[in-house]
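# Tertiary structure, described
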Amino acid sequence: MKKYKKIIIISLLVAMCVLYYYYLSANDTTEKKKKSEKVSTEVEKILSKNLDDIYPATPREVVILYSKILKCYYSGKCSDEEITELAMQSRKLFDDELLSKNPTDEYLEDLKAEIKQYKEEGKKISTYIIAKSGEIEYKTFQSHYYAMVDSAYYLKGEGNTSRTLETYTLRKDSNGRWKIVFWNLTKTSDEE
């Protein structure tokens with residue numbers, strides 16, 4: 001009888017060890033899967049967005065997405081193909097008026113030249129800050145709705161950091177989507 005108890009106990013211990021091993025290996029696979037999903041780059045995240053169906057709901061969200069695209073452009077890590085694809089995504093955020101003044105080929109050529117210049121100067125956008133929703137200014141002009149969104153971009157260069165302030169003007173289109181009409185540099189009180 002004692003012999004059978006020992007065999008049963010040893011069998012249970014072996015079974016528990018085998019189950020524990022399978023539990024750990026399955027958990028390890030799940031961890032690896034999670035890590036590989038996190039490796040997805042910001043560029044991939046932006047390019048995977050279907051802006052035709054799921055468009056940013058507010059002017060602030062539009063400027064945040066555009067700022068993410070800018071940060072990717074100037075990271076120095078994008079291939080030519082990725083820059084082109086990002087540019088096509090950014091153009092979906094532009095108002096028809098802005099698009100008409102910036103034909104695709106010219107826009108891409110100018111963009112790539114500017115990215116090259118940033119790269120040569122060792123500049124990157126390290127971070128950006130977009131105005132909070134309550135700080136956005138809204139106006140109506142000639143039966144169109146406009147929103148002005150302030151932003152600050154911090155550029156990291158060789159040995160220094162600088163700040164660029166910009167104000168984006170967005171207009172609500174016929175589909176109710178906020179589109180970028182133009183942007184301009186804003187002077188800080190130090191620069192005025």
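Here the structure is a predicted model, which is why all the values come from computation and not from measurement. (Residues numbered from 1 in each chain as written. Predicted model: local features only at pLDDT ≥ 70, side-chain atom pairs only at ≥ 80, totals over all residues. Heavy atoms only, no water.)

### Things to note about the layout of surface pockets
Short version of the rule: Cavities and pockets are defined on a 1 Å grid built over the protein atoms alone: a cavity is a set of grid points where a 1.4 Å probe fits but cannot escape, while a pocket is an open set with protein on both sides within 12 Å along at least five of seven lines, and lining residues are those with an atom within 4 Å of any such point. Grid points are joined across faces, edges and corners, and a volume is the space filled by probe spheres set on the points. Where helices and strands are cited, they refer to DSSP runs of H or I of at least four residues and of E of at least two residues respectively, numbered from the N terminus.
Roughly 490 Å³ of volume is contained in the largest pocket. For the largest pocket, the lining is made up of 23 residues, of which Tyr66, Leu70, Tyr74, Glu114 and Trp183 are closest to its centre. For the lining of the largest pocket, the elements supplying multiple residues, two or more each, are helix H3 (59-73), helix H6 (104-121), strand S3 (144-156), strand S4 (161-172) and strand S5 (178-185). A total of six residues in the lining of the largest pocket trace back to one element, the largest contributor, which is H6. Considering only enclosed or pocket space, the second largest pocket measures out at about 250 Å³ in volume. Lining the second largest pocket are 13 residues, and of these Glu42, Lys71, Cys72, Ser75 and Lys77 lie nearest its centre.

### Concerning the pattern of salt bridges
For clarity, the threshold we go by: By definition here, a salt bridge exists when the distance from a side-chain nitrogen of Lys or Arg to a carboxyl oxygen of Asp or Glu is within 4 Å. Note on classification: 1.4 Å probe, protein chains only; a residue is buried when its accessible area is under 20% of the maximum for its type, exposed when over 50%, partly exposed between these limits.
Applying the stated rule across the entire model yields seven salt bridges. With a closest N to O distance of 3.3 Å, Lys139 and Glu137 form a salt bridge. Judged by its relative accessible area of 40%, Glu137 is partly exposed. Residues participating in the shared-partner salt-bridge network are Asp95, Glu97, Lys101 and Arg171.

### Some remarks on the side chain of Arg91
Selection criterion: The charge count treats Lys and Arg as positive and Asp and Glu as negative. His and the chain ends do not count.
Examined against the element boundaries, Arg91 turns out to sit in helix H4 (residues 80-91). No salt bridge is formed by the buried Arg91; the nearest opposite charge belongs to Asp105, separated by 8.7 Å.

### A look at a negative patch on the surface
For clarity, the cut-off: What goes into a patch is any residue over 30% in relative accessible area without a salt bridge, connected to like charges within 9 Å or, for nonpolar side chains (Val, Leu, Ile, Met, Phe, Trp, Tyr), within 5 Å. Computed with the Shrake-Rupley method and a 1.4 Å probe, the accessible areas treat only the protein chains shown as cover for residues. Just so you know, the charge point we use is NZ for Lys, CZ for Arg, CG for Asp and CD for Glu.
Together, Asp105, Glu106, Glu109, Asp110 and Glu114 make up a region of like negative charge exposed at the surface. For Asp105, a relative accessible area of 64% translates into the label exposed.

### Regarding the environment of Ser48
Our working definition: Think of a polar contact as two N or O atoms within 3.5 Å of one another; within protein, one of them needs to be a possible hydrogen donor and the other a possible acceptor, and neighboring residues in sequence only count if both atoms come from side chains.
Turning to its location among the elements, Ser48 is positioned in the loop between helix H2 (42-47) and H3. Each C-alpha atom, one on Ser48 and one on Gln89, is 9.7 Å from the other, the two residues being 41 residues apart in sequence. Within the structure, the side chain of Ser48 is placed 2.8 Å from the backbone oxygen of Lys45, a separation counted as a polar contact.

### Things to note about the packing of aromatic side chains
Convention followed: Stacked, tilted and edge-to-face are the three classes assigned to paired rings of Phe, Tyr and Trp, where Trp is represented by its six-membered ring and a pair needs centres within 6.5 Å; plane angles under 30 degrees give stacked, over 60 edge-to-face, the rest tilted. Charge-over-ring placement is defined geometrically: NZ (Lys) or CZ (Arg) within 6 Å of the ring centre, and within 35 degrees of the ring normal.
According to the stated counting rule, one finds 10 aromatic pairs in the structure shown. Both rings, one in Tyr66 and one in Tyr168, keep their centres 5.8 Å apart while their planes meet at 75°; by these two values the pair is edge-to-face. Taken together, the positions of Tyr66 in helix H3 and Tyr168 in strand S4 put the pair 102 residues apart, joining distant regions of the chain. The pair Tyr66 / Tyr168 is uniform in exposure class, with both members buried. Taken together through their ring pairs, the aromatic side chains of Tyr66, Phe94, Tyr107, Tyr168 and Trp183 make up a single cluster. One Lys or Arg, Lys123, reaches over the ring of Tyr118 and ends 5.4 Å from the middle of that ring.

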